[in-house]
Amino acid sequence: MIEAPEALCLSEQLNGVIKGKVVMDVIPCYTSHKFAFFNGDPEKYPGMLLGKMVDGACAYGGMVQINVRDAKVVFSDGVNLRYYEPEAKLPNKHQLLIGFEDQSCIIVSVRMYGAVWCFVGDSFEGGLMSYYGGAKNKPQVLSDAFDKAYFMSLINDEGVQKKSAKAFLATDQMIPGLGNGVLQDILYLARVHPKTKIAVLSQAKREELFGCVKKVLREIYRLGGRCSEKDLFDQKGGYVPYLSKDTVGSHCVYCGDYILKENYLGGSIYYCNTCQQEER
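Residues numbered from 1 in each chain as written. Predicted model: local features only at pLDDT ≥ 70, side-chain atom pairs only at ≥ 80, totals over all residues. Heavy atoms only, no water.

Pairing is possible between side chains of opposite charge, provided their charged atoms come close. The final tally for this structure, using the stated rule, is 14 salt bridges. Salt-bridge contacts for Asp55 lead to Arg69; the nearest nitrogen and oxygen are separated by 2.6 Å. With Asp55 in strand β3 (residues 54–60) and Arg69 in the loop between β4 (63–68) and β5 (71–75), the pair connects residues that are 14 residues apart, well separated along the chain. Residue classification places Arg69 among the partly exposed residues on the basis of a relative accessible area of 48%. Residue Asp172 is joined to Lys163 by a salt bridge in which the shortest nitrogen-to-oxygen separation is 3.0 Å. Among the residues examined, Asp172 registers a relative accessible area of 60% and is labelled exposed. (Salt bridge = Lys/Arg side-chain N within 4 Å of Asp/Glu carboxyl O. Helix = DSSP H or I, 4+ residues; strand = E, 2+ residues; numbered from the N terminus. Buried < 20%, exposed > 50% of the residue type's maximum accessible area, 1.4 Å probe, protein only.)

Buried residues of helix α3 (residues 129–137): Tyr132, Gly133, Gly134 and Ala135, and no others. On its buried face, α3 sits against β3, β4, β5 and β9 (114–120). (Contact = heavy atoms within 4.5 Å.)

To continue, consider the nonpolar core. One finds Phe151, Phe168, Leu169, Ile175, Leu178, Leu209 and Val213 to be the most contacted residues of the largest nonpolar core, which totals 38 residues. For Leu169, the residues in contact, after removing those within four places along its chain, are Phe151, Ile175, Leu178, Leu183, Ile186, Leu187, Leu209 and Val213. Met48, Leu49, Val64 and Leu232 belong to the second largest nonpolar core, which has 33 residues in total. (Core = buried A, V, L, I, M, F, W, Y, C linked by side-chain atoms within 4.5 Å.)

Inspection of the secondary structure assignment puts Leu128 in the loop between β9 and α3. For Leu128, a relative accessible area of 37% gives the class partly exposed. Between the C-alpha atom of Leu128 and that of Phe38, which follows or precedes it by 90 residues, the distance is 9.6 Å. The residues contacting Leu128, other than those within four sequence positions of it, are Phe37 and Trp117.

Close contact between helix α1 (residues 4–17) and helix α7 (residues 203–222) brings their axes to 8 Å; oriented N to C, the two are set at 35°. When the axes of α1 and α7 are compared, the crossing they make is right-handed. On α7, the residues touching Pro5, Glu6, Leu8, Cys9 and Glu12 of α1 are Leu217, Ile220 and Tyr221. Considering only residue class, the contact of α1 with α7 consists of six nonpolar, no polar and two charged. (Axes fitted to C-alpha atoms, helices over the stretch in contact; angles between N-to-C directions. Left-handed = near helix turned anticlockwise from the far one by under 90°. Nonpolar A, V, L, I, M, F, W, Y, C, P; charged D, E, K, R; others polar.)

The next point concerns unusual backbone geometry. Positive phi is not limited to glycine here, since Arg69 has a value of about 55°. At Arg191, a residue that is not glycine, the phi angle is positive and equals roughly 60°.

Below, the discussion takes up α1. The first and last C-alpha atoms of α1 sit 20 Å apart over 14 residues, in line with the 20 Å expected at 1.5 Å per residue. Looking only at α1, the buried set comprises Ala4, Pro5, Glu6, Ala7, Cys9, Leu10, Ser11, Gln13, Leu14 and Val17. (Expected span 1.5 Å × (residues − 1).)

Listed below in structure tokens is the structure:
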């Protein structure tokens, strides 16, 4: 799933290849997908986009947004987004194709689930607007606005003290674009067990956690994303996680103990039982 570093990389790549191009073709729902979520009627998307120039792309949390004059196309964290040169062989299945005057195109395909929203203006109708608005209006985790003072205002809030470290960092859009995929290494480097309650973390540990959030996400961005994700040109990212399904049962690089896996809060958690002992 796309998270903040990958979304930022994708938006920058899009600016390099489609900014300034005019939309000449829009094909929504070429292949049906039960868990592809659109706002409104996707058959109306061509009317919002055709003949308009792409002004650029940006990222909000784990979402990628393309600005097409007065219209916007937003892709959530559960999609594959690819660019195809003129005359390239196109995939047989996709949920949205946007073609340009030079015969290049971008194609969106949904993985297990994902959303594609197209709208004119700054908002759209439907329950998913709050998800988009939350990602757009909060400080972006890789920006200077997401600083220590802001992070401390989040982690010191009385309402989060009973939450676990995983729940605090990666649920309820507390930090848009920070999810289970990047959570593991952040907690590993901070030596915090995913189940440890925020209330028991010292001030020093909270500051260390902030530092690890910035360090891990910046490194993922620097390396073009995680190796489990692909960029706009179908290339894997260069960041190899310390903790993932591929490292379960291997030895911790710090203490030599085994990397363990558990199911927790609707997903998997990975940790070193020695370096990340659960505090109570």
